[in-house]
Amino acid sequence: MTLLVFISSLLGAMAIGVPVAFSLMLCGITLMWYMGMFNSQIIAQNMIAGVDTFTLLAIPFFILAGELMNSGGLSRRIIDFAIACVGHIRGGLGLVAIAAAVIMASISGSAAADTAALAAVLIPMMAKAGYNVPRSAGLIAAGGIIAPIIPPSMAFIVFGVAANVSITKLFMAGVVPGLIMGVSLVITWLIVARKDNVQPLPRVPGKERLKVTGRAAWALGMPVIILGGIKAGVVTPTEAAVVAAMYAMFVGIFIYKELKLRDLPGVFLQAAKTTAVIMFLVCAALVSAWLITAANIPAEVSGYIEPLIDRPKLLMLVIMVLVLIVGTALDLTPTILILTPVLLPIIKMAGIDPVYFGVLFIMNTCIGLLTPPVGVVLNVVSGVGRVPLGRVIRGVMPFLLTEIAVLFLLVLFPDLVLVPARWLY
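Residues numbered from 1 in each chain as written. Predicted model: local features only at pLDDT ≥ 70, side-chain atom pairs only at ≥ 80, totals over all residues. Heavy atoms only, no water.

- In the nomenclature of an unreviewed UniProt entry, the chain is known as TRAP transporter large permease protein of Allorhizobium terrae.
- Database annotation for the chain, UniProt heading Subunit (unreviewed entry): "The complex comprises the extracytoplasmic solute receptor protein and the two transmembrane proteins."
- Of the comments in the UniProt record for the chain, the one headed Subcellular location (unreviewed entry) reads "Cell inner membrane". (UniProt positions renumbered as here; feature names shortened; annotations may be inferred.)

Here it is, written out as structure tokens:
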């Protein structure tokens, strides 16, 4: 009955248009009332304690780094570098989109920001070259969701805090799955784009390619600093976020000289707005998380799936299907915050590595960014690229199916995640 109260209060509030953060708070209040333990101090204490953690400081700084990267010209130089390397190949602009998405993913960790930057530059270029525009928009959207999988990732930070799992281990474990997803998009693109009557870009001469690489070197050095610093133990993920923001600001102002001092207040304001939304979601969700534990909901859920506890792969398949369904209706962060406290105890009972589960869980929630009706990344591509949403949905389908196939491949072969993670960590 407690589970029914939890689900009905949460979904009911969302169904009538209550924002997700307030729905989570209402859900927590309803659970407290049902259990006869309503106390406003518990709500206030959990909201404050939930976000009063050093680890969560990484979120505003990585968001700021992404904003500075786009405003300071780092994103554009990464795209120019990818064009110089593979733009002349038949279907090369699609490969440029994937390569740039992977590189930018290792810098900002924001699917929406990376997708917007790629769509603004590449969709007009691909349309002019003769590529199928909806398919090109779909590819850029599918590439954009790699951002929260390859570190640094704000999604991993939120999951790590909610699940009390090492964020450094999550970062290292996300590298290979993110690259596998990128390779799968390359293969899919080369298959589906064969019929496009496209005009490849002219080959960039060797000297010019060296110049483009030199101009992009400062941008390309950013992921080396972030991941190298974390791997070497020089910085924590939170400290790496601060370094990333300062590095992006320095390069944008003094090296590329595209970021002016007068631009900084606007950049800071945009980063602060995004941070406020995420942090309020976190603090509201942690109230519900505390009450989920107090109401022993994980034990109630485990009772329904007890026959699967001894069959971890089948359990993971069932959970991944559940998360796929939830992802069609919820954005990435609410999905993480709502489902993590419910699912993690079950995962531990089944003997599944929480880091492995975290990587697949985040991959699944990222795929939710491509599924209508919510599909945040689809809406970003549609708005920035000026492509009708319905056409973007049709264009993204082959890439969406490919990424779902990769997800379930990793469910069946967990060593593809665990072995490289142990080596990297």
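Back to the text.
A short note on the overall build of the chain
Working step 1: Looking only at helices and strands, the chain features 20 helices and zero strands.
Working step 2: Taken against the 2.2 N^0.38 rule, which gives 22 Å for 425 residues, the C-alpha radius of gyration of the chain at 22 Å falls within 12% of a compact globule.
Working step 3: Overall, the C-alpha framework of the chain stretches about 70 × 45 × 45 Å when taken along its three principal axes.
Working step 4: Taken over 425 residues, the chain has a buried fraction of 56%.
Working step 5: Put simply, of all contacts in the chain between residues at least 6 apart along the chain, 79% involve residues at least 24 apart.
Working step 6: Positive and negative side-chain charges in the chain, numbering 25 and 16 respectively, have mean positions lying 14 Å apart. (Helix = DSSP H or I, 4+ residues; strand = E, 2+ residues; numbered from the N terminus. Rg over C-alpha atoms; globule rule 2.2 N^0.38 Å. Buried < 20%, exposed > 50% of the residue type's maximum accessible area, 1.4 Å probe, protein only. Contact = heavy atoms within 4.5 Å. Lys, Arg positive; Asp, Glu negative; His and termini not counted. Charge placed at Lys NZ, Arg CZ, Asp CG, Glu CD.)

Comments concerning unusual backbone geometry
With the exception of glycine, most residues fall at negative phi, and the peptide bonds are largely trans.
Working step 1: The linkage connecting P151 with the following residue, P152, adopts the cis geometry, with an omega of 0 degrees.
Working step 2: Looking at the secondary structure, you find P152 in the loop between helix 8 (133-144) and helix 9 (154-163).
Working step 3: The phi torsion at K257 lies on the positive side, around 55 degrees, for a residue other than glycine.
Working step 4: Counting through the fold element by element, K257 comes out in the loop between helix 12 (237-255) and helix 13 (264-294).

Describing helix 16 (residues 332-349)
Working step 1: With 18 residues, helix 16 extends 25 Å between its outermost C-alpha atoms, agreeing within 8% with the 26 Å of an ideal straight helix rising 1.5 Å per residue.
Working step 2: A maximum bend of about 50 degrees is found in helix 16 at T340, where proline P341 lies one to four positions downstream.
Working step 3: By the criterion of burial, helix 16 is predominantly enclosed, with 15 of the 18 residues buried. (Expected span 1.5 Å × (residues − 1). Bend = angle between axes of the 7 residues up to and from the residue.)

Section: the packing of aromatic side chains
Working step 1: With the rule as written, the count across this model stands at ten aromatic pairs.
Working step 2: Note on F156 and F171: the rings are 6.4 Å apart at their centroids and 50 degrees apart in plane angle, and the pair reads as tilted. Residue F156 is located in helix 9, and its partner F171 is located in helix 10 (residues 167-192); the two are separated by 15 residues in the primary sequence. Accessibility classification places F156 together with F171 in one group, the buried group.
Working step 3: The interplanar angle of 10 degrees and the centroid separation of 5.4 Å between the aromatic rings of F357 and F361 together place this pair among those described as stacked. Of this pair, F357 and F361 both sit in helix 17 (residues 354-367), separated by four residues, roughly a single helical turn. Grouping residues by exposure puts F357 and F361 together as buried.
Working step 4: Feature note: the residues W218, Y247, F250 and F254 constitute an aromatic cluster, connected by ring pairs.
Working step 5: The lysine or arginine in question, R77, covers the ring of Y256, its NZ or CZ lying 3.8 Å from the ring centre. (Phe/Tyr/Trp six-rings, centres within 6.5 Å; stacked < 30°, edge-to-face > 60°. Lys NZ or Arg CZ within 6 Å of the ring centre and 35° of its normal.)

Observations regarding the packing of helix 9 against helix 17
Working step 1: Following both chains from N to C, one finds helix 9 and helix 17 inclined at 135 degrees, their axes separated by 10 Å at the closest point. By the angle class used here, helix 9 and helix 17 are oblique. The chirality of how helix 9 crosses helix 17 is right-handed. Contact residues: A155, F156 and F159 in helix 9; P354, F357, G358, V359, F361 and I362 in helix 17. (Axes fitted to C-alpha atoms, helices over the stretch in contact; angles between N-to-C directions. Parallel < 35°, antiparallel > 145°, perpendicular 65-115°, else oblique. Left-handed = near helix turned anticlockwise from the far one by under 90°.)

With respect to the nonpolar core
Working step 1: Judged by nonpolar contacts, the single largest core of 164 residues is most densely connected at F159, F357 and L360.
Working step 2: By residue number, the principal contributor to this core is helix 13, which donates 15 residues.
Working step 3: With sequence-adjacent residues up to four places away left out, F159 is seen in contact with N164, V165, L170, I336, T340, L344, P354, F357, G358, F361 and I362. (Core = buried A, V, L, I, M, F, W, Y, C linked by side-chain atoms within 4.5 Å.)

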